[in-house]
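Here's the letter readout for the chains.
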Amino acid sequence: MSRKKRDRNERWSLSESVSALIPINENYDTMRSRNARTGVLFVLPFILGFLIFMLKPMIQSVWMSLNKVVLVPGQGYQLTWNNFENYKYAMGVDPYFNQYLVEEVGRMAVNAIATLVLAFVVAVILNQKFKGRTVARAIFFLPVILASGVLPGVESQLTYNMLQGVSDEIAAQSGINISGALQDLLMVSGVGSGVFDVLFQMIDAIYDIVMASGIQIIVFLSGLSAISPSLYEAADVEGCTAWEAFWKITFPMVSPLLLVNAIYTIIDFFMKNNNKVMEWINTQFTRTRYGESTAESWIYFGVALAFIGIASFIINRVVKQYDT
Amino acid sequence: MTLKAEALPRSDKRSANKKSGGYLFKSGVKRWTVSIVRGLLVFGLCFMIIQPMLTRFGTSLMQEKDLYDSTIVLLPRNVTLENYSIVFDLTNFPRSLINTAWTSLIVSILQVIACTLVGYGFARYEFPLKRFWFACVVLTIVVPPQTIATPLYMYFRYFDIFGIFKTFNGEPLNLLSNLTPYLLMSATCMGLKDGLYIYMLRQYFKGIPKSLEEAAYVDGCSTLRTFTTIMLPDALPTVLSCFLFSFVWQWTDLFYTRNFISKTMVVYSTELSSILTRMSRYFSQDAEKAIIVPPARQQQLVSIGVLICCIPLVILYIFTQRTFVESIAMSGSKE
């Protein structure tokens, strides 16, 4: 739908929008206001839920993060204003929060890029016709189940609990450190640098990355399967190589989905149970540091939002190049 | 389409190749290389996804001494089912899983009904502030539930509408002792990942041509009836896949479950998350002081817990994977 048309459809004058929502109103009982009423009825569950279970707690939670929270048995809690003390605590006093935040954000940046690339490559492969494609699709989507909710958390909790030596031993046995030998080799020959470190970090995290990319693969796959094969045929006839066809047809056609996927990946990563910041906030919560824990989670949310903003800005610019 | 030379007999193939100036041979080689590389990549990645499950299953059948024997890798030498009965004890097995099953079912049904209605409303009707409300839907996806956990908890712990309950009972209601809060939230699209389902369903409904409904309206069909008899059957695969998503994610969810369900009944995911602490207590029942359970043993028992959680879902997934994969593939494409 073009921009102009949408604007015309959605421009409601104030008096009209008020009258549209009044149940029986003989003066304004137009088709349009009747439609609006039906629409609002359909969306009503969400509006109610949002106001009661989302907006109200959100405002309260912001308020709480600005106050000292003391539990009063039998009546709830008592708030006293304390001049951003909770935020100061989170940024300056809390020994772990900053550290975990920086760590996780770094990991997220690397993993998110790797997830997007991997999901895209896998989706391109799964979109081709080959024997066993159905089985492969089914397996690649399995992580949506296997890496959800409590499941990854339990296992990571396990590795924290272990003595360091033992966990290293087990890591070596279960092959988590795949790239060790190669890394050593490159280090000796003097190639190892920051770039390689990041690369090896990605390779070592490949299991996590594959497990986190189920939904992204499906989203890309949906975009890929919507591309008409006749485009490729035409390109082939004109003498276009597969490489060129990929960059000139496949990539531009799928790039709008890149944004959706990037946002999903970032959110997914920020909200994982095995995320250290998340765990720390939960720990604070169980220690009845309610004010501090809400302040920390708002900082965390702010960081997540900033990342989503940056990602959408960059991707929008990339996508815009093709959007002509 | 590339030319295919396989169908020809060998001598014809050679002459055809010569005539094409080596094109057929080259394209054949290219095709083979591509499919070999692709095969390796797909197999490798698939193996990586499946392998932990297989290892878990293998170790789950081992006796404890097999764990420390480095000659035993995947297949147990001394097969035993005793580990399973230990984990059953640790996680309150049949009861907790049954509770998980029915709560997940109810919650996901409520979620999907609400989200379908809302998604349809967003896709088809124009009403004031529509874009604002849709932005709110996106907001619910983005805001981590942890940020609003405390106020929500307090809200339900001391539940009251304009102080009515306080005047009658002397104190506000404690709704956390039953399932009401979570059911209310699910029915109003505030459950686990509901924003995502609304988004998916809205995308799908937007893709259905409007003329279908218009025809129904012209024939005198009411709004609700059009929705139930014309739109819903069409959207059934997407609705079903949303249902499966919400069922699976609810099944393994820890956060909402811990806050809103585990207070009233034993649920599997919370049992699983605290399995480690309970493990040491379990093994030190007879002994005087707490025993540190050996890490390998810990890992084995946790793996079994994870397996028990996954197996029902994987079985469900095997039967429904087509709905899962194909319908999402359809809903996403209609931007």
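Residues numbered from 1 in each chain as written. Chains lettered and ligands numbered in written order. Predicted model: local features only at pLDDT ≥ 70, side-chain atom pairs only at ≥ 80, totals over all residues. Heavy atoms only, no water.

Draft legend 1. Quick peek at the overall build of chain B. Each helix and strand counted, chain B has 16 helices and 0 strands in total. Looking at chain B residue by residue over its 335 residues, the buried ones come to 49%. Taking all contacts inside chain B whose residues are at least 6 apart in sequence as the whole, residues at least 24 apart take part in 68%. For chain B, the computed accessible surface area is about 16,600 Å², with 66% contributed by carbon and sulfur atoms. (Helix = DSSP H or I, 4+ residues; strand = E, 2+ residues; numbered from the N terminus. Buried < 20%, exposed > 50% of the residue type's maximum accessible area, 1.4 Å probe, protein only. Contact = heavy atoms within 4.5 Å. Areas by Shrake-Rupley, 256 points an atom, 1.4 Å probe, with all protein chains shown as cover.)

Draft legend 2. How the structure looks around a positive patch on the surface. Among the surface-exposed residues, B:Arg10, B:Lys13, B:Arg14 and B:Lys18 lie close enough to one another that they form a single positively charged patch. Position of B:Lys13 among the secondary structure elements: in helix 1 (residues 10–19). (Patch = residues over 30% accessible without salt bridge, like charges linked within 9 Å, V, L, I, M, F, W, Y side chains within 5 Å. Salt bridge = Lys/Arg side-chain N within 4 Å of Asp/Glu carboxyl O. Lys, Arg positive; Asp, Glu negative; His and termini not counted. Charge placed at Lys NZ, Arg CZ, Asp CG, Glu CD.)

Draft legend 3. Highlighting the packing of aromatic side chains. In the structure shown here, the tally under the stated rule is 46 aromatic pairs over all chains. Summarising the aromatic geometry, the rings of A:Phe53 and B:Phe156 are spaced 5.6 Å apart at their centres and angled 35° between planes, so their arrangement reads as tilted. Separated into two different chains, A:Phe53 in helix 3 (residues 31–65) and B:Phe156 in helix 7 (residues 149–157) make up a pair that spans both. Side by side, A:Phe53 and B:Phe156 carry an identical accessibility label, which is buried. (Phe/Tyr/Trp six-rings, centres within 6.5 Å; stacked < 30°, edge-to-face > 60°.)

Draft legend 4. Broad picture of the interface of chain B and chain A. Chain B puts 85 residues into the contact, and the matching count from chain A is 89 residues. Both faces combined, the contact of chain B with chain A buries some 8,100 Å², and carbon together with sulfur accounts for 78% of it. There are 3 residue pairs in polar contact (both at pLDDT 80 or more) connecting chain B and chain A. A total of 20 residues in the side of chain B that touches chain A trace back to one element, the largest contributor, which is helix 16 (residues 295–333) of chain B. Of the residues contributing to the side of chain B that touches chain A, the split by class is 59 nonpolar, 16 polar and 10 charged. (Buried area = accessible area lost by both parts, 1.4 Å probe. Polar contact = N/O pair within 3.5 Å; in protein donor to acceptor, adjacent residues only side chain to side chain. Nonpolar A, V, L, I, M, F, W, Y, C, P; charged D, E, K, R; others polar.)

Draft legend 5. Main features of the nonpolar core. Core analysis: the biggest nonpolar cluster contains 165 residues, and A:Phe46, A:Phe140, B:Phe122, B:Phe156, B:Phe205, B:Trp249 and B:Leu272 have the highest contact counts within it. The dominant element in this core, judged by the number of residues it contributes, is helix 5 (residues 97–127) of chain A, at 15 residues. Composition of this core by domain shows at least three residues from each of domain 1 (14–85) and domain 2 (89–322) of chain A. In this structure B:Trp249 touches A:Val144, A:Ser148, A:Ile215, A:Tyr264, B:Leu192, B:Lys193, B:Leu196 and B:Tyr197, once residues within four positions along its chain are discounted. (Core = buried A, V, L, I, M, F, W, Y, C linked by side-chain atoms within 4.5 Å. Domains from an automatic or database assignment.)

Draft legend 6. Examining the side chain of B:Thr140 more closely. Take B:Thr140: it is sitting in helix 6 (residues 130–142). From its side chain, B:Thr140 meets the backbone oxygen of B:Val137 in a polar contact 2.5 Å long. When sequence neighbours within four positions are dropped, the list of residues in contact with B:Thr140 reads A:Phe46, A:Phe50, A:Met54, B:Met190 and B:Gly195.

Draft legend 7. Just the domain arrangement of chain A, in detail. Residues and elements named next belong to chain A. In terms of domain boundaries, chain A breaks down into domain 1 (14–85) and domain 2 (89–322). The contact between domain 1 and domain 2 buries some 650 Å² in all, and 68% of this surface belongs to carbon and sulfur atoms. Three residues, Ser65, Val69 and Leu71, lead the burial of domain 1 against domain 2; their summed loss comes to 45% of the area buried on that side. At the junction of domain 1 with domain 2, the criterion picks out 0 salt bridges. Our count for the domain 1 to domain 2 interface comes out at 2 residue pairs in polar contact (both at pLDDT 80 or more). At 5 residues, helix 3 tops the list of elements feeding residues into the side of domain 1 that touches domain 2.

Draft legend 8. Expanded view of the environment of B:Thr116. Residues and elements named next belong to chain B. Tracing the backbone through its elements, the reader meets Thr116 in helix 5 (residues 93–124). With 123 residues separating them in the primary sequence, Thr116 and Val239 have C-alpha atoms 7.1 Å apart. Among residues more than four places away in sequence, those in contact with Thr116 are Leu201, Phe205, Phe227, Leu232 and Val239.

Draft legend 9. A look at a nonpolar patch on the surface. Among the surface-exposed residues, A:Leu41, A:Leu44, A:Leu48, A:Leu51, A:Ile52, A:Leu55 and A:Ile59 lie close enough to one another that they form a single nonpolar patch of about 590 Å² accessible area. Relative to the helices and strands, A:Leu55 resides in helix 3.

Draft legend 10. Broad picture of the pattern of salt bridges. Residue and element names in this part refer to chain A. One pass over the full model with this rule turns up 5 salt bridges over all chains. Note that Arg107 and Glu104 form a salt bridge whose closest N and O atoms lie 3.2 Å from each other. A residue pair is termed a helical-turn pair when its members lie 3 or 4 positions apart in one helix, as Arg107 and Glu104 do in helix 5 at 3 residues. Of the residues examined, Arg107 reaches a relative accessible area of 30% and is grouped as partly exposed.

Draft legend 11. Structural view of the confidence of the model for chain B. Residue and element names in this part refer to chain B. For chain B, the average pLDDT comes to 82, and 89% of its residues sit at 70 or higher. Taken element by element, chain B is modelled with least confidence in helix 8 (residues 164–169), mean pLDDT 69, and with most confidence in helix 5, mean pLDDT 92. Note on the complex model: pTM 0.81, ipTM 0.80. (pLDDT = per-residue confidence, 0-100.)

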